[in-house]
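# Examination of the molecular architecture
Letter by letter, the chains look like this.
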Amino acid sequence: MSEHIATKKTYILVWMSLMCLTAATAGASYLELGRFNIVLAMVIATCKALLVALIFMGVKYISQKITLVVIVAGLFWLFILVSLSMTDTISRSWR
Amino acid sequence: MSDSSPNFTAHSPGLQHHFATMEQQTDASVMGMWVFLVTEIMFFGGMFTGYMIYRYTYYGPWLEGSQHMDFWWGTINTAVLLCSSLTMALGVRASQLGQRRLVVAFLLITILFGVGLLVIKGIEYHGHWVDGQFPGAHFRFAGPNPRQVELFFSFYWAMTGFHALHVLIGIGLVAYIAYRSWKGAYGREYHNPVENVGLYWHFVDIVWIYLYPLLYLISHKHVSG
């Protein structure tokens, strides 16, 4: 693997996008969308997290497969934790 | 490595002897850092899942509690943290290019942003403290569901508290690598510690990216479910 060095411009563009997305999510919290407020907020947060992970943390440029396996395994674990906990919580209609 | 003959040729002083090449050493180190970050995902993931379960169970009280967050401090802190991530990324970039003074400058600015975040968090904490919004014997809340709102505040203090602790540790790590960079310990060839501290810093940023909407935003204007 030869090291990837991102340009200054890339980092500044990513930072500007992050700031715009923060303004967007703050603004969206003033809208009355009912249950969709949380959906919109989480979609924007995930976009921001992806920008940080892919560019700032350089996940996009990782050439070593085993490192990607570690990351995907971690996220998959989180998916299991959240999805199984929530399906259990939501489906307890007898409470 | 196929070459088994003794090799006394010059190599980077940063290369440890159990690695064949610098690349192999860096790849192994970055993977190790990610393994650690996965344990951090588990650590924060548990708290996020707890938050979700109780938010679902006590939806109304969760809204009540959330409306006592300071929207503007939370938003400003998000911006501060994103700026710190930019300077961190630029610091790592400078270390890849071997620009020693620039590395130190960017790392010091990153520390300033980190301290700024903690100061703002401290102002918020003080406000919650004097308003009796710290869970425990002195918790007070005028409303129909004080116990459930107290639970919201337990999650608020635990999640932002552990986040602030991570920022504090991050500041220490950044200060250490800034000092080492100043001393000339890292160059074009060997700067992996700077990279790994950068990964940690960005990870802590991502945690806040989710904490901000979950605690400050999703209920701040909404009184009904």
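Refer to the structure printed above.
## Remarks on helix 2 (residues 36–56) of chain A
Counted at 1.5 Å a residue, the expected span for helix 2 of chain A with its 21 residues is 30 Å, and the 29 Å between its end C-alpha atoms agrees. Residues of helix 2 of chain A that are buried make contact with helix 1 (8–28) of chain A together with helix 3 (71–96) and helix 6 (192–217) of chain B. With its phi angle positive at about 70°, Gly 58 of chain A sits one or two positions after the end of helix 2 of chain A.

## Here's the deal with the packing of helix 1 of chain A against helix 3 of chain B
Packed helices, taken two at a time, are described by the angle their axes make and the gap between the axes. Packing of helix 1 of chain A against helix 3 of chain B brings their axes to within 10 Å, and their N-to-C directions diverge by 170°. Regarding the angle of helix 1 of chain A to helix 3 of chain B, the classification is roughly antiparallel. On the side of helix 1 of chain A, the interface is formed by Lys 8, Tyr 11, Trp 15, Leu 18, Met 19, Thr 22 and Ala 26 of chain A, while helix 3 of chain B contributes Thr 75, Thr 78, Ala 79, Leu 82, Leu 86, Ala 89, Leu 90 and Arg 93 of chain B. When its residues are assigned to classes, the contact of helix 1 of chain A with helix 3 of chain B shows 10 nonpolar, three polar and two charged.

## Examining the interface of chain B and chain A
Taken together, the contact pairs 38 residues of chain B with 40 residues of chain A. Of all elements in the fold, only helix 1 (22–57), helix 3 and helix 6 of chain B reach the threshold of two or more residues within the side of chain B that touches chain A. In terms of residue count, the dominant contributor to the side of chain B that touches chain A is helix 1 of chain B (15 residues). The class makeup of the residues in the side of chain B that touches chain A is 23 nonpolar, 10 polar and five charged.

The rules behind each value
Residues numbered from 1 in each chain as written. Chains lettered and ligands numbered in written order. Predicted model: local features only at pLDDT ≥ 70, side-chain atom pairs only at ≥ 80, totals over all residues. Helix = DSSP H or I, 4+ residues; strand = E, 2+ residues; numbered from the N terminus. Expected span 1.5 Å × (residues − 1). Contact = placed C-beta atoms within 7 Å. Axes fitted to C-alpha atoms, helices over the stretch in contact; angles between N-to-C directions. Parallel < 35°, antiparallel > 145°, perpendicular 65-115°, else oblique. Nonpolar A, V, L, I, M, F, W, Y, C, P; charged D, E, K, R; others polar.

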